[in-house]
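What follows is the residue order along each chain.
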Amino acid sequence: MIRTSLATSLLLTLRCLSSGVRSFQPLATTRLLSSLSAGGEKTGSRSRRRERKERESLGTLEWASFDFSDSPKWDGRFGDDGDIHLASDHGSWEETVVEETEKDAALQKEFERRHQIWDRMDMTLIEEANQILLPFIQADRWARIQSIMQQRTQQTKFLYENPANPSNVFACLRTLDSFGIQHVDVVIQSGQYEGKAALSQKRGMRTAMGSAKWLTLRNHLSTKLALESIKREDYHVICTDVNPSSKDVRDVDWDAAGKKICVVMGNEQRGISDAVKQEADESFYLPMCGMAESFNLSVATAITCAHMSAASKDGSGPLRPGDLSEKEYKTLLLKGALNSIKPKLARALFKRHGLVLPNELNLW
């Protein structure tokens, strides 16, 4: 009976439209169209609910254990990008771009501020802080922190140039941590991220960097600024690239230049920029024998680190465990201690012992 009335209503509507009558729309037809529209909205709501459930099931970013989501480029653990999707008209989109550029600059300033705070701290103050916190950290936890920091190296750092996928970046950082590489630089150049998808992923990049508490990270606002900083520190720059002069990674002499090394990895789609190609001292490639054209960024990082590890022995090669300065080593111990204790307890302990640390450490 319902089907008959709906069919009759649709037929009457079609006849009316064909005869030029546009104001007539039967009640049943209106309800049918409304239900179809509501059904579309419900489908969208169900899709959003599924996305939320996936984010909840994955939980938060964990440094010790991390799995890629089913949609790595849209992994909800790297921040909610909903407001970017809402910026649909031209004016609001322009405002979003400006806001994102300002946030990139703010992140860079924040990283530099933190570095300066730790660099200015007296080593005696750092040692006292460690001694105060030590009794309140589990013995096995403290032993592990010491063991890990004793294997850190400053001989090699990595530079990632405008990476696109925050999941990849987080996986790369965890890989470098696993091989004992302490220093990592990342270029996040706002103008290189065009479109809503790219901006959303760049926002996730900031989250990924902020979650890497066990590494010393530097963020650069452009490739030019990054290369100037690295050259000032007298690094030998080696980039990943396929060109006639590139070497097989197995043939690279990591000690030939007699300097510290900076390995530059390019964007997942575009590779390294012309600026890096011009400034790099040499380049290498990872040999492949399959149909795939390139390795995933995190996979390429792991393969490169494995080759570097194999080429390192008895204090030579690109990875030299234990070559940190005494101050940097003890600073990393303090950072590890602060990561292992609640800020409220640390604040109370320092106050009890009359130890004053810089307020900028955000313990308060």
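For the structure given in this document, a descriptive report is provided here.

What to know about the pattern of salt bridges
Inference 1: As enumerated under the stated definition, the model contains 15 salt bridges in all.
Inference 2: The partner of Glu112 in a salt bridge is Arg218, and the shortest N-O contact between them spans 2.9 Å. With Glu112 in helix H4 (residues 90-120) and Arg218 in strand E3 (residues 216-220), this residue pair connects regions lying 106 residues apart in the sequence.
Inference 3: Asp281 is the salt-bridge partner of Lys231, the closest N and O atoms lying 3.4 Å from each other. Taken together, the residues Lys231 in helix H9 (residues 223-232) and Asp281 in the loop between helix H10 (274-279) and strand E7 (282-285) connect sequence positions 50 residues apart.

Structural notes on the pairing of strand E2 (residues 183-187)
Inference 1: Where burial is concerned, most of E2 is hidden: 5 out of the 5 residues are buried.
Inference 2: Burial of the side chains of E2 extends over both faces: His183, Asp185 and Val187 are buried on one face and Val184 and Val186 on the other.
Inference 3: Pairing analysis gives 4 bridges linking strand E1 (residues 156-161) to E2, with the strands arranged parallel. If you follow Leu159 over to E2, its bridge partner there is Asp185.
Inference 4: With helix H7 (residues 166-178) bridging E1 and the parallel E2, this β-α-β connection has right-handed handedness.
Inference 5: Where E2 meets E3, 5 bridges bridge the pair, whose relative direction is parallel. Pairing of His183 across the sheet is with Thr216, part of E3.

What counts, and at which threshold
Residues numbered from 1 in each chain as written. Predicted model: local features only at pLDDT ≥ 70, side-chain atom pairs only at ≥ 80, totals over all residues. Heavy atoms only, no water. Salt bridge = Lys/Arg side-chain N within 4 Å of Asp/Glu carboxyl O. Helix = DSSP H or I, 4+ residues; strand = E, 2+ residues; numbered from the N terminus. Buried < 20%, exposed > 50% of the residue type's maximum accessible area, 1.4 Å probe, protein only. Pairing = 2+ DSSP bridges. Right-handed = clockwise from strand over helix to strand, strands pointing away.

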